[in-house]
Structures are given as structure tokens and as C-alpha cells.
Amino acid sequence: MRTRARGFTLIEVLAALVIVALGMLGVIQAVTQTVRNGTYLREKTLAHWIAMNVITERRLMNEPPSVGETSEDIEFANQRWRWTLKVTQTQVASLRRMDVSVRPAEKPDGTALTTVSGFYGTAIGAAGGSALPWANGQVGGTSG
């Protein structure tokens, strides 16, 4: 009488390989998505820093920024970026709104990674919360 050899059949080995391959495919997709997310967050953070730098530079100027739109390409973190600054006049004569959009230079317009808003103004209140002279000598605020 012959004894049967113990071991795996070819079909069992192939089924195990298919299961391992599918599991590895899922792991590879998860790692790829994590890398994409990390790259996106890095670029978004850098774009935000650039926008904040543009707003800070304008706030430190002696003269208010001109109403209108300006753009510039810069190099930051070994990458080319394009920022666009849009300055609008607010209802308060001494206050201007600045909106800065930033995108990688090679991307088309309208694909900004971030947009940051800031204000440039000359109305500064004294300590204690007194009313501010907004325009033409008019004093705004509430009395308490």
C-alpha cells in the first residue's frame, strides 16, 4: 500500500499567492495615497507661508497698496510659485482689503492652493477702546 505524500497542491499555492498579491496591492495603494496627501499638505503649507509673507510685506510699507491686481513669480523651497495680490477699497476710507492667491507657477490660473486675506489700514485706536476716526473726521464705534 502506497502512502500519500503530504504537502500543498499547485492550486492551493496559487490561491495563496493570489490572496497575498491582493493584500499587497491594497497596501501599495494606501502608501501611495499617504504620499500624495503628504505632498499636497506640504505644498499647501508653503503656499500659505508665501501668501502671509506678501500680506506682511504690504502691511510694513509706508504707503497703502494700490487698488488693483498684481502678480509675481518667486522661488521658494526650491520650487517656482506665482502669487496674485488683489487690493480692493473697503467702505472705510482708511482701510484696504488684500487677497493673496498662491499656486505653483506651472499650474494654470484659477488653481490656487490657498487664498489668504488681510487688511491695510491707518485707523489705530488708543488704549482703552476709544472710538476711531474712520473718514472725514467722523468718529465710529459705540459709546458705553
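That block above? That's the structure.
Presented here is an overview of the structure given in this document. Note that the structure is predicted; figures quoted are calculated from it, not measured.

### What to know about the sheet that holds strand β1 (residues 68-76)
Next, step 1: Pairing is antiparallel across the open sheet formed by four strands, whose spatial order is β1-β2-β3-β4. What marks the edges here is a single partner per strand, and that holds for β1 and β4 (114-121). Averaged over neighbouring strand pairs, the angle between their axes works out to 25° when direction is ignored.
Next, step 2: Of the pairings in the sheet, the one linking strand β2 (residues 79-89) to strand β3 (residues 95-104) comprises nine bridges and is antiparallel in character. Pairing of T88 across the sheet is with R97, part of β3.
Next, step 3: Across the face of the sheet, helix α1 (residues 10-59) comes into contact with β1, β2, β3 and β4 while running at roughly 15° to β4.

### Quick word on the environment of K107
Next, step 1: Within the secondary structure, K107 is located in the loop between β3 and β4.
Next, step 2: What makes K107 partly exposed here is its relative accessible area of 42%.
Next, step 3: Expressed as a C-alpha distance, the spacing of K107 and R82, which sit 25 residues apart in the sequence, is 9.0 Å.

### Details of the layout of surface pockets
Next, step 1: There is about 160 Å³ of room inside the largest pocket.
Next, step 2: Taken together, 14 residues make up the lining of the largest pocket; nearest its centre are E69, T84, S101, V102 and A112.
Next, step 3: Every element with two or more residues in the lining of the largest pocket is listed here: β2 and β3.
Next, step 4: Per-class residue counts for the lining of the largest pocket are three nonpolar, five polar and six charged.

Rules used in this analysis
- Residues numbered from 1 in each chain as written.
- Predicted model: local features only at pLDDT ≥ 70, side-chain atom pairs only at ≥ 80, totals over all residues.
- Heavy atoms only, no water.
- Pairing = 2+ DSSP bridges.
- Helix = DSSP H or I, 4+ residues; strand = E, 2+ residues; numbered from the N terminus.
- Axes fitted to C-alpha atoms, helices over the stretch in contact; angles between N-to-C directions.
- Contact = heavy atoms within 4.5 Å.
- Buried < 20%, exposed > 50% of the residue type's maximum accessible area, 1.4 Å probe, protein only.
- 1 Å grid on protein atoms, 1.4 Å probe; cavity = no way out; pocket = protein on both sides within 12 Å on 5 of 7 lines; lining within 4 Å.
- Points joined across faces, edges and corners; volume = space filled by probe spheres on them.
- Nonpolar A, V, L, I, M, F, W, Y, C, P; charged D, E, K, R; others polar.

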